[in-house]
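Close look at the chain arrangement
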Amino acid sequence: MPNAQLAAGNVNEQVDALLKKMTLEEKVGQLVQYSAGFATGPSASNLTYDDLVAKGQVGSMINVVGADKTNRYQHIAMEKSRLHIPILFGLDVIHGDHTTFPIPLAIAASWDPEAAETVARTSALEARADGIDWVFSPMVDIARDPRWGRIVESNGEDPYLSSALARAWVNGYQQGDISRPDSVAACVKHFAAYGAAIAGRDYNATDMSEITLRQVYLEPYRAAVEAGVATVMSSFNSINGIPATADPFTLTRILRKEWGFDGFVVSDWGAVAELLNHAIGADGSTVARKALEAGVDMDMEGDLYGTTIAAQVRSGKIPESVVDEAVRRVLRVKFAMGLFNHPYTQPGPAYAATPERRATARKVADETMVLLKNDPVEGVGTLLPLNSKAKKIALFGPMADDPQDLLGAWSAGNPSDVITLRQALQERLGDRLLYARGCGLLTGNDANVLKHVTFGGPETAIENEPIPDDKTIAEAVALAKQADVAILALGEPTNWMEGEASSRVHLGFTGSQEKLLEAVAATGKPVILVVLAGRPLVLTWAGAHVPAILEAWSPGIEAGPAVMDVLFGDVNPSGKLPASLPRAVGQEPLYYAQLPTGRPAHGDLSHMPYNSEEKFLSRYLDEENSALFPFGWGLSYTRFRYSTPTVSRAEAPVGQILADHQPVTRVGVDVTNIGSVAGTEVVQLYIRNTAASVEQPVRELKGFARVQLAPGQTQHVEFPLGFDELSFYNVDVERTVEPTTYDIWVGGSSLATAETSFKVVE
Ligand code: BGC
């Protein structure tokens, strides 16, 4: 289906009229993008591009930020180039531009598409003021392996949740109309299946069945395309032996022919040139041709298109019609955005962290907090929410007062905007707060690794020099003994060890933080652990020994206030895990929607104890199969009761479901707040197809709703089920529904037990 935003008015006529006037060099110029600012990948040329822009040979620029800088280039393009075609300025705006919101994985933990939309809308506004009209977001790669550092940019492990968020991000950036002065063009990335890099090692190959590719990995990109995303970024990885940046199957057959995408595709950074490393062609001309013919319209920071395409058209190797089609796609976005009429950015007031934006950032961050554990402590009861009368509270940990790391990976915001945990707690408690850092984020080997990392500059690594930990841990222990309760804020260096090129095989706290935690816990003082990280970490020791654990991710500029909101009960936590937290790295990739095995029959193995007496089972001998904290998990300060779910109709004929794609039944459930404080529950619906021609996961999320409930209040929640929820890919790789029975569960996590069923009959 053509994208209405891109076909608005007479865009296509304008594109064709312009195309007719263009020389071959000018056409190819629209297909190249250069980085003229800082580098976000290897080998940035960092040149100025005035001459090429004046010749009309630069279609887009990346990393040129600030109205003064973008306007300068735009003036050259509009005034000196022959056809006055505006440049499109792109930037990685990942979780806010200046106002840094929580990382995308945290936003996914809110299970609140409106929150994602708000973040995207605010980002668009700020990016526009910086001269940016195109953002490289949302990233919707399904991430089932937290060894892969880019899980931080994702919506986690589940295609249904990720698709809902993908739509919201796109709607927030584009607002249904990319010509608005406060909209930006979005770019869904990285197409495709980048998150399934083998062994969680970034840039590695992916290899999977077409059914899994379509049913799991492609779904969120499809959702973004349906939401009207203007552009798509191809990924670095290969898929089943074909590099994604030269893959006609995904880029043309699926994306364009099946999904009707009519925006343009940009390669990832240098990915066209990297096709040489993938060894699918002996020279630059060959790989550039393969990328272009496969469907990559624009070459990001790699000048292979700029230097090889025109000659290949002249020699007859590439039909000019292929170039024309790619140019059309790029120009369509530029016209639809209104760039020809409004190429410049009006310089505005300098960004300031206004109280309104801070309030929005805090509200979003509040929703992202996941209370993993809140067990009663003998003689004290549950530690959370913290009684504000608690006399002395000790705060420890290298994440407690580190603004840069609280901003999280890939943030452009200013660390001086961040309110840290220490600052927020200090404000609340005054001299009732005892604070010590306790240890650094890094020691020994970690620090050595970072010293060799050059991406982004060496300064931060030097600031993170290891400090002698034994002494500082002893000081923290002494301080803990004077307090009634200790809060430990621990994690990993989010700005350095998370995001791109940040795969890890050890997923514990870095440096001596675990030692600090164990030492403070050994004092016998009640301990609250606040985890600040952009990936699921292994919290096995803490899970067994620490009574209260809050997953706070990387919360952004309002980190301190948001964490305190939840710790002190001003906000009742409502976040739910968008990715499973493992017991051991060896379980990865770990996700709830696993396929069944033959041993045991029909088995959801998640609760299989590792010391089961039966040997021949699909399980580990030395650890449970289950997650330490499963997908969808998150506690509240109140409790919710679920009624037995019902279906509005117990069965429906397969023909009807296939014919009209409308919901055929509604699953209804009553959710009651049976505690004494108000709370928000994320009600989740899971299904299992119990008899399909292709085996289906033991559980799949197919609906969710955030429900706010006062104490004692009950709300009836309904979820529609129809083709979209019930269908799967058969052996012919067609989406279908067959006669079967679906088991259905509704509850507050992927462990939901309230059950009903629905039949599809002949
Ligand atoms: C990343 C992309 C990013 C691009 C531009 C690449 O290294 O993979 O996600 O958009 O750089 O900075």
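Residues numbered from 1 in each chain as written. Predicted model: local features only at pLDDT ≥ 70, side-chain atom pairs only at ≥ 80, totals over all residues. Heavy atoms only, no water.

1. Observations regarding the overall build of the protein chain
If you tally the helices and strands in the protein chain, you get 25 helices and 29 strands. Judged by the C-alpha coordinates and their principal axes, the protein chain covers about 80 × 65 × 45 Å. Contacts in the protein chain between residues far apart in sequence, at least 24 positions, make up 78% of those at least 6 positions apart. (Helix = DSSP H or I, 4+ residues; strand = E, 2+ residues; numbered from the N terminus. Contact = heavy atoms within 4.5 Å.)

2. Quick look at the sheet that holds strand β17 (residues 527-532)
Strand order in the open sheet formed by six strands is β11-β18-β17-β16-β14-β15, with mixed pairing between adjacent strands. Both outer strands of the open sheet, β11 (370-374) and β15 (433-436), are each paired with one neighbouring strand and no more. Shown here is a sheet whose adjacent strand axes are inclined to one another by a mean of 15°, direction ignored. Direction of pairing for strand β14 (residues 393-396) relative to β15: parallel, over a ladder of four bridges. (Pairing = 2+ DSSP bridges. Axes fitted to C-alpha atoms, helices over the stretch in contact; angles between N-to-C directions.)

3. Quick word on the site of the ligand
Taken together, the neighbourhood of the ligand is formed by 14 residues, with Thr-40, Asp-92, Arg-150, His-190 and Asp-268 sitting nearest. His-190 is positioned with one of its side-chain polar atoms (N or O) 2.7 Å from an oxygen atom of the ligand. Between Asp-268 and the ligand, the recorded distance is 2.5 Å, taken from a side-chain N or O atom to an oxygen atom. Against a free-state accessible area of 310 Å², the protein chains account for coverage of 100% of the ligand. Structurally, the ligand is housed in the largest cavity. In terms of residue class, the shell around the ligand is built from seven nonpolar, two polar and five charged. (Near = heavy atom within 4 Å. Polar contact = N/O pair within 3.5 Å; in protein donor to acceptor, adjacent residues only side chain to side chain. Areas by Shrake-Rupley, 256 points an atom, 1.4 Å probe, with all protein chains shown as cover. 1 Å grid on protein atoms, 1.4 Å probe; cavity = no way out; pocket = protein on both sides within 12 Å on 5 of 7 lines; lining within 4 Å. Sits in = over half its atoms within 2 Å of the grid points. Nonpolar A, V, L, I, M, F, W, Y, C, P; charged D, E, K, R; others polar.)

4. So, unusual backbone geometry
Going from Ser-137 to Pro-138, the amide bond is cis rather than trans, its omega being 5°. With respect to the helices, strands and loops of the structure, Pro-138 is situated in the loop between β4 (134-135) and α7 (159-174). Between Glu-588 and Pro-589 the backbone carries a cis peptide bond, its omega angle lying at 0°. Of note, Asn-63 is a non-glycine position whose phi angle comes to about 70°, a positive value. Tracing the sequence through the fold places Asn-63 in the loop between β2 (60-62) and α4 (67-80). With a phi close to 65°, Ala-193 is a non-glycine residue in the positive phi region. Relative to the assigned elements, Ala-193 resides in the loop between β5 (185-191) and α8 (210-217). What makes Ala-193 buried here is its relative accessible area of 0%. (Buried < 20%, exposed > 50% of the residue type's maximum accessible area, 1.4 Å probe, protein only.)

5. Comments concerning the pattern of salt bridges
Across all of its chains, the model carries 38 salt bridges by this definition. Note that Arg-147 and Asp-145 form a salt bridge whose closest N and O atoms lie 2.6 Å from each other. We note that Arg-147, like Asp-145, is buried. The partner of Glu-681 in a salt bridge is Lys-576, with the nearest N and O atoms 3.1 Å apart. With a gap of 105 residues between them, Glu-681 in strand β23 (residues 679-689) and Lys-576 in the loop between α23 (559-567) and β19 (640-642) connect regions that are remote in the sequence. (Salt bridge = Lys/Arg side-chain N within 4 Å of Asp/Glu carboxyl O.)

6. Topic: α7
A rise of 1.5 Å per residue sets the reference length of α7, with its 16 residues, at 22 Å; its end C-alpha atoms lie 22 Å apart and thus fit the reference within 8%. Phi turns positive, to about 50°, at Gln-175, one or two residues after α7. (Expected span 1.5 Å × (residues − 1).)

7. Some remarks on the packing of aromatic side chains
Within this structure, the stated rule accounts for 15 aromatic pairs. Pairing Phe-191 with Tyr-221 gives two aromatic rings, centres 5.1 Å apart and planes at 90°, and the pair type is edge-to-face. Of this pair, Phe-191 sits in strand β5 while Tyr-221 is found in helix α9 (residues 219-226), placing the two residues 30 residues apart along the sequence. Of the two residues examined, Phe-191 and Tyr-221, each falls in the buried class. By the ring-pair criterion, three or more aromatic residues cluster together here, those being Trp-111, Tyr-160, Tyr-592, Phe-631, Tyr-686 and Phe-704. Its end group placed over the ring of Tyr-73, Arg-72 keeps NZ or CZ at 5.2 Å from the ring centre. The ring of Trp-410 carries Lys-189 above its face, with NZ or CZ at 5.4 Å from the centroid. (Phe/Tyr/Trp six-rings, centres within 6.5 Å; stacked < 30°, edge-to-face > 60°. Lys NZ or Arg CZ within 6 Å of the ring centre and 35° of its normal.)

8. Re the packing of helix α16 (residues 421-429) against α23
Their axes nearest at 7 Å, the elements α16 and α23 cross at an angle of 55°. One element, α16, and the other, α23, form an angle in the oblique class. The way α16 lies across α23 gives a crossing that is right-handed. Residues Leu-421, Ala-424, Leu-425 and Arg-428 of α16 touch α23, and the partners they reach there are Ala-559, Gly-560, Pro-561, Val-563, Met-564 and Asp-565. (Parallel < 35°, antiparallel > 145°, perpendicular 65-115°, else oblique. Left-handed = near helix turned anticlockwise from the far one by under 90°.)

9. Remarks on the layout of surface pockets
The space that makes up the second largest pocket amounts to roughly 1000 Å³. As for the second largest pocket, its lining consists of 47 residues, of which Pro-159, Gln-215, Val-216, Tyr-217 and Glu-219 are closest to the centre. Elements that contribute at least two residues to the lining of the second largest pocket include exactly α7, α8, α9, β24 (700-709) and α25 (723-726). (Points joined across faces, edges and corners; volume = space filled by probe spheres on them.)

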